[in-house]
Structures are given as C-alpha cells and as structure tokens.
Amino acid sequence: MDSQIVKQPPVSPAASIDDIIRKIQAYNPQASVDVLRRAYDVSAKAHEGQTRQSGEPYLFHPLAVAAILTDLKMDVPSIVAGLLHDTIEDTLVSRESIEQEFGPDVMRLVDGVTKIGKIRFKSYEEKQAENFRKMILSMAEDIRVILIKLADRLHNMRTLGALKEPKQQRIARETLEIYAPLANRLGIGWMKNELEDLCLRYLKPEAYNSLVAKVATQLAERERYVHSVIDTVKATMEQYGFTARVLGRPKHFYGIYSKMERREIAFEEVYDLIGIRIITDTKIACYGILGMIHSLWKPVPGRFKDYIGVPKSNLYQSLHTTVIGPQGEHVEFQIRTEEMNRVAEEGIAAHWRYKEHGQIDEKDSKLFSWLRQLVEWQQDLTDNRQFLNSIKMDLFSDVIYVFTPKGDVIELVKGSTPIDMAYAVHTEIGNRCTGAKINGKIAPLKSLLKSGDTVEIVTSPSQVPTKDWLKIAKTPKAKARIKHWINIEERKQSLEIGKRLLERELRRHHLSPAEVFKSEALVKIASDSGLSSSEDLLIALGYGRVSLNHVINRLLPEPALKEGLKDKLLTSIGRQGQGVTIKGVNDIMITLAKCCNPVPGDKILGFITRGRGLSIHAVDCPNIDELDYDRDRLVEVDWDVKQAATHPVKISVVTMDRPGMLAKTSAAITAAEANISHAEITTTDDKKAVFNFVVDVLDTAHLAKVFKQIERVEGVIQTRRTRRG
Ligand code: MN
C-alpha cells in the first residue's frame, strides 16, 4: 500500500511499564516516573495469579489501558488510575489504601470508573441509549473518568474474542449504543471508528467478513483511481501556489456498512471507499482549495458542508464536499488546517497541550466552547500535574437520571422525589402512588432522588392525590397532573353543592328543579354570566363565584321576586358519626369549623367554601365577621339531631393555684360523662392556674352539665367556652 494512504487507528500493542513511561515523557517531560512505577507494583501485586478469559495474565489489561491513555496524552494521575482501575472491584485493594498511597485525586478517578462499570445497560431503545450516555456524563464528576472508562472498554473490545458469545453480543451492543457515541462526542474520531468496527465484527459477523473481503479485492483498483485524482489535485495546487498535504483515507468498515444500510445500496454502489483529505496551513487556503476543486469537477448539490464556519458540537472543523470525479464517480474531499486535523484525530486530547511547566495553554482552553458547556472549569490550575482535575461536568448539573425496576432510565430535574418519578412513568401511577422503594429500601414520597438510583413506585388503588403533593413534586409535569386531578375533584364537589343549593331554593318557590335544570332560561343566565353551559353555572354557584340570588331572581316571575327577595336558605343538618351532612343529602362535604367548634344547640351559619363544601360556624364565631363580606355565600342552617355523636369543644377553667386542682377538675368533667381529648396548663403571676381543655360533648345541654360539674369543685374561679386559640 502506498505510504500516502494513512492507516487508522493507532493500535497499542502489549505494553510494558517502561514503554508507558517513555511515551509519557515524550509529551510531558515533567511527568513523575516514580508514582507510575509504584502504581505498577501495586497493580501487579493485586492482580497476581489472576488471568483473563484468554488465559493471559490479568495485569496485561491495566497495562494496555494505561497505554491507550498515553495515546490520548493523558496526565499522570489518569494513567496511574488506569493501572489501578480494576483493583477496587476485583482485588483486595481498598479505596482507603489507594487514597493513602496515591492521593484523593487518583482515588476519585478509580472510584468513578468503578461506579460507571456498575451501570447496567438493559434497554435498547434509541432514546434510552441517549439517556444512558447522559447518565454516564452526569455521574462522572471528572471528564478523565470517562476517558479511562473508554480506554478500558476499547481494550476489552480488542480482546472480546476470548469471551462466550452471549457476553460478546451484550458488550458489543452496549459499546455501539453507548461508548462509541461517547467517544464521538468527545471528538476522538479514531477511537469511535475502531470501537464501531469491532462492534460490527461481533454483532454482524457475516456482513463484516464479506465487507473485509470486498474491500481487500477492490482497494487496489480504488487506490489507483484515487491516486490519479490526487495527482491532478497536486498539480493544480502547485499552479495556484497552494501548499498542502493530500492524503487518501480509507473509510472504516462500519462507515461503509451504515452507508449501505442507510441508502439501501450494494457494496458496489459505495464509491467513496477512499476519501481524499487535504491538509493545508490556513483557513483562507482551505476555502481557496475548495474553490479550485469545484472548478476542476462539478460539485454534487447538497453535499457541501462548512464545518469551519460552523464547527460541530465536538469542535470538529473541516470543509466537506463531494464532486463528480474524472470517471463520473463521486469523490469525497475533506479540507482542513493542520490544527483542525489534530483536533479531528485526537479530540479532547488535542487540547491538553503540555507547555513548559506542564500547564494547559490558556488559548487552547478557550477553544473548548462545547466542553465549557459540558464541564465547569475550576480556575485553580496551579498544580501542574493535576490541571485536568479541574474539569467538571456542568451541562447536566440540573438533571438526574434514575432507573425504573425494568432498567429504563428516566430523566428528572435535580430535587425530584418519587412522586415526580411516578408521574414521569404514567399519570395513573402518579395518582395512585403511596410510597417508593429506592435501591430496594422503603422510602417516603418526599425523599430526594439522585442519579443512578433504582426507584420502584408503590401504588394503592384507594390512593388519591392531595394538595400536599404539590409541595413535594418538583417537575412541572407532576405538578400539572396533581393540579388537574384536584381541579376535577373540586368541580365535581362544586357542581353537587351548586345543584343542591339551587334545588332547595327552587322548591321553596314551588318551581320544579328537574325542569329548571333542563331549561333554556338557565343556559341564558349562564351565557349572560360569561359561562358556557348550565353545568358551569351550577359549578360557579357551588364555588360561590355566582350568587344564588343572582340566579334565582332571574328565574322567578316578578311578584314572587318582591316577596322572597332577601330570603335565606333554611336547611337542617343531621349528624352522621364524625361528619355532618345536610339532611337528605349525603354527598355534600360538610365540616364543622375548627375555629369555633359549634355543637348542636349553638346557633349556626353555613358558609359555601371554594371547592371544600359547606363549612359550619357558630353565629358568634369571630370569623363570621370576616366571612360576612361574602354575604351571598352565607346560608342559614339548623341542626337536626337524629343520632348521638360527640363534637370537640374548647373550654377554659381558671382556678386557684393549689395542688390537686387539675385532678379534681378532670374528675368533674368525667363525672359529667364527657371525654377530655386535650389539656394544657398555665399558671399566672397572681397565683392562679388556667386549664385549657378540649372536651367531647353531645350538644350545648351536655356542655352546660360539664360546666355545672366543674363549678362545684372548690377553688374554681371561672369557667368559659373559648372560640379561638
Ligand atoms: Mn478493566
């Protein structure tokens, strides 16, 4: 093969620690050799006696990984971590001993690689693969962790032949979906190509073998053709005064394969088995040479790409064009500068240039616009050997990735709880969730989730969302679904309340509710009130947004109007266990107000709340004054006791401050057959004691009996019912 055809990618042969040290010293003369030898010794000792599936000593693997890291021109801590990367997982070496011997930096790198190694990729959907890549990026706090993991995976792929077939398939698949795209994202083209070719070899062996054979037979002919094109280009460049290197570049097998698949074409129809790359010195020259090529051969429309003007997200820059060549075939050109070529070949590694003192070049670091989105620089670059330590993930800092029990990855915002996870899976699961298991352990709904957690949602058919959930939920989706559910429930209740209120009022005026509800008149009132249906009108009535008088006045004939104008709704209340319902209507929510605790016998008023049914207050409740501004929502109600039940009442008893007063007072309350559910004692400066009780009584008569009993106790000064506090 002609020397002008460059063979990618570089392959690291079985390396020795001396080879590795020599390679590091070539690009980083300041590198500390001592620590590398110590790491080698620790790794050799830890893996002693272990062998790989292939039968070779295990130590070959960490050495090969370290060698790949020198291909990427990594710093010393990364290479030390490469040598040690399997020790925590597979040997007796502990995190602590690594930290002690090699420092926290190396320990964190080894730990990070171990952590990523534990992520199991289970789902093959495209979107899931993207989430996995993001998860890996977000879990690695340091970009070097990903590069070490990539080196590890590359060597494992190179030696995949030793494994059994199902394992080969799983690892190759994971590599193709997760790691090759990561290498691409980091701009390491040669690594991406090598990983993809290795994947193809194991995933589609027939396709791979036939491609290798076909390329071998066609390549000689293609090369002759490419050289004739290269000669023409070179001659013309000389004529115009351009200086540049012109190279033929064989496409990698996976590239050819995916082109055939994508376009549904046969191998014979893939013309650009070899592309031509022109590497010159300036940007201007790139565009000049492009113009020259377009004047030599006709460009194929739609195939010109200016990645110099608009670089790819991984910083790749180049001009791409395809022309119709001398024999009528498509020829692909890539035109770039030497610097752009280095970035394209080495990716992220192209940017850590070791200056005299091993410091990163500031100008180079500015090139990292995409990486600066991805990572956050800590500007403390004073420690020469650890400058890469400063690269941290930033792009995904607001996002976490968690697993479902099936292994799907769900993207959530930071601060999310199991409720967010439940709604992300399905609204029904959200509405029914009662708790969660995080990594197998029972956890409350308000627990904070973190990247990598496996979260199983526990549901119950009787569970419903509550307003409290809005405080726990973090994602807009979960919040919206909870609000939606609560709104629907409130509408249902309000409709019921509105219907009942109007029904009663209509009966009082001898009108038939059934007819009115169906009538055009009601629709008209609704539309005059800016509402779209009579149902919406009833809901508005139930919410208290539309007053009962407003509706009834328009339904009544003139004379009736005069007579019943300021009338209020009279209704009776029956008690039912702890709750209370309007007599004959069981499905309206009625609550006794907690501020005044009315009991049967008290004069009461009903207040139509917004969406929470009817709330019953004592007429002398201090809150009534505040509620009064909404007069239309106050309705007169009365007790109707059919069945005995107790209600809590707050009372206050003032006594002399003497021993035994509390016991005697309590005994008096019990003697009146009332239960004490709460008691508080305070003493005053003037030698008095104040007891605040909550007692459960049947009605006002029962309460009077309680007071009477208490007042018999010697030393009691005053008894009083309290409304608030
Ligand atoms: Mn490994």
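Residues numbered from 1 in each chain as written. Predicted model: local features only at pLDDT ≥ 70, side-chain atom pairs only at ≥ 80, totals over all residues. Heavy atoms only, no water.

Just give me the short version of the environment of E714, but keep the residues and values in it.
Position of E714 among the secondary structure elements: in the loop between α28 (700-711) and β23 (716-721). Sequence separation between E714 and K664 is 50 residues, and the spatial gap between their C-alpha atoms is 8.8 Å. Non-local contacts of E714, meaning those with residues more than four positions away in its chain, are made with R658 and M661. (Helix = DSSP H or I, 4+ residues; strand = E, 2+ residues; numbered from the N terminus. Contact = heavy atoms within 4.5 Å.)

Lay out the sheet that holds strand β22 (residues 688-697) with the relevant residues and their values.
The sheet built from four strands is open, its strands ordered β21-β22-β20-β23 with antiparallel pairing. In this open sheet, the two edge strands, each paired with only one partner strand, are β21 (675-683) and β23. Across this sheet, the average inter-strand angle for adjacent strands is 20°, counted without regard to direction. Note that β21 and β22 share eight bridges and pair antiparallel. By the bridge assignment for β22, H678 is matched with V694. Running at roughly 25° to β22, helix α27 (residues 661-671) makes contact with β20 (647-656), β21, β22 and β23 of the sheet. (Pairing = 2+ DSSP bridges. Axes fitted to C-alpha atoms, helices over the stretch in contact; angles between N-to-C directions.)

An account of helix α22 (residues 520-528) is requested, with residue identities and associated values reported.
Note: α-helices contain 3.6 residues per turn, so residues at a spacing of three or four share the same orientation. The complete set of buried residues in α22 reads L522, I525 and A526. Along α22, the residues classed as buried sweep out an arc of 100° about the axis, all on the same side. Those residues of α22 that are buried lie in contact with α20 (476-508), α21 (513-518), α23 (534-543) and α24 (548-555). Residue G530 follows α22 closely and has a positive phi angle near 80°. (Buried < 20%, exposed > 50% of the residue type's maximum accessible area, 1.4 Å probe, protein only. Arc of directions from axis to C-beta.)

I'd like a description of the nonpolar core, backed by residues and values.
Counting 69 residues, the largest nonpolar core has I79, V80, I98, L150, M157 and M191 as the members making the most contacts within it. Beyond its immediate stretch of four places on either side in the chain, L150 contacts Y179, L182, A183, L186 and M191. Counting 35 residues, the second-largest nonpolar core is a separate cluster that includes Y225, Y254, L273 and I278. (Core = buried A, V, L, I, M, F, W, Y, C linked by side-chain atoms within 4.5 Å.)

Hey, could you go over the packing of aromatic side chains for me, with residue numbers and the actual values?
In this structure the tally under the stated criterion is five aromatic pairs. Arranged with centres 5.7 Å apart and planes meeting at 75°, the rings of Y208 and F253 form a pair that is edge-to-face. Taken as a pair, Y208 in helix α11 (residues 205-240) and F253 in helix α12 (residues 253-263) lie far apart in primary sequence, 45 residues in all. Ring centres of Y254 and Y257 lie 6.1 Å apart, and the angle between their planes is 40°; this geometry places the pair in the tilted category. With Y254 and Y257 both in helix α12 and three residues apart, this pair spans about one turn of that helix. Since its relative accessible area comes to 18%, Y254 is described here as buried. (Phe/Tyr/Trp six-rings, centres within 6.5 Å; stacked < 30°, edge-to-face > 60°.)

Which residues make up the pattern of salt bridges, and what are the values?
In total, this model carries 31 salt bridges according to the counting rule given. Of the charged contacts in the structure, one is a salt bridge between E496 and R500, with a shortest N-O distance of 2.9 Å. Pair noted here: E496 and R500 are both in helix α20, with a separation of four residues, about one helical turn. R500 gets classed as partly exposed once you look at its relative accessible area, which sits at 22%. One continuous salt-bridge network, built from bridges that share partners, spans E496, R500, E503 and R507. (Salt bridge = Lys/Arg side-chain N within 4 Å of Asp/Glu carboxyl O.)

With reference to specific residues and values, describe the coordination of the manganese ion.
Note on the manganese ion: its protein donors are H61 (NE2), H85 (NE2), D86 (OD) and D152 (OD). The metal-donor distances range over 2.2 to 2.3 Å. When the donors of the manganese ion are listed by position in the chain, the intervening gaps give H-x23-H-D-x65-D. Note that D86 is positioned in the loop between α4 (76-84) and α5 (87-90) and D152 in helix α8 (residues 143-158), a separation of 66 residues in sequence. A single burial state applies to D86 and to D152, both of which are buried. (Donors = N, O, S within 2.8 Å, 3.2 Å for Na, K, Ca; no water.)

Lay out the sheet that holds strand β11 (residues 433-438) with the relevant residues and their values.
With antiparallel pairing, the three strands of this open sheet are ordered in space as β12-β11-β13. In this open sheet, the two edge strands, each paired with only one partner strand, are β12 (441-443) and β13 (455-459). Neighbour-to-neighbour, the strand axes of this sheet turn through a mean angle of 35°, independent of strand direction. Relative to β12, β11 runs antiparallel, the two being bridged by three bridges. Looking across to β12, one finds that K437 is bridged to I442.

Describe in detail the side chain of Q317, supporting the description with residues and values.
By the secondary structure assignment, Q317 is in the loop between β4 (305-306) and β5 (319-324). Only 3.1 Å separates the side chain of Q317 from the backbone oxygen of I308, close enough to count as a polar contact. For Q317, the residues in contact, after removing those within four places along its chain, are Y307, I308, P311, R336 and M340. (Polar contact = N/O pair within 3.5 Å; in protein donor to acceptor, adjacent residues only side chain to side chain.)

How would you sum up the pairing of β5? Please name residues and give values.
Among the six residues of β5, five are classified as buried, and the element is accordingly described as predominantly covered. Here strand β3 (residues 298-299) pairs with β5 via two bridges, running antiparallel. The residue of β5 that forms the bridge with P299 is V323. Pairing of β5 with strand β6 (residues 330-337) involves six bridges; the strand directions are antiparallel. Bridging across to β6, V323 finds its partner in V331. The turn joining β5 and β6, which pair antiparallel and follow one another in sequence, is formed by five residues; a positive phi near 80° is taken by G328.

A description of α24 should follow, citing residues and the corresponding values.
Every buried residue of α24 is accounted for by L548, V551, I552 and L555. Taken end-on, α24 shows its buried residues confined to a sector of 90°, consistent with a single buried face. In the core, the buried residues of α24 are packed alongside α20, α21, α22 and α23.

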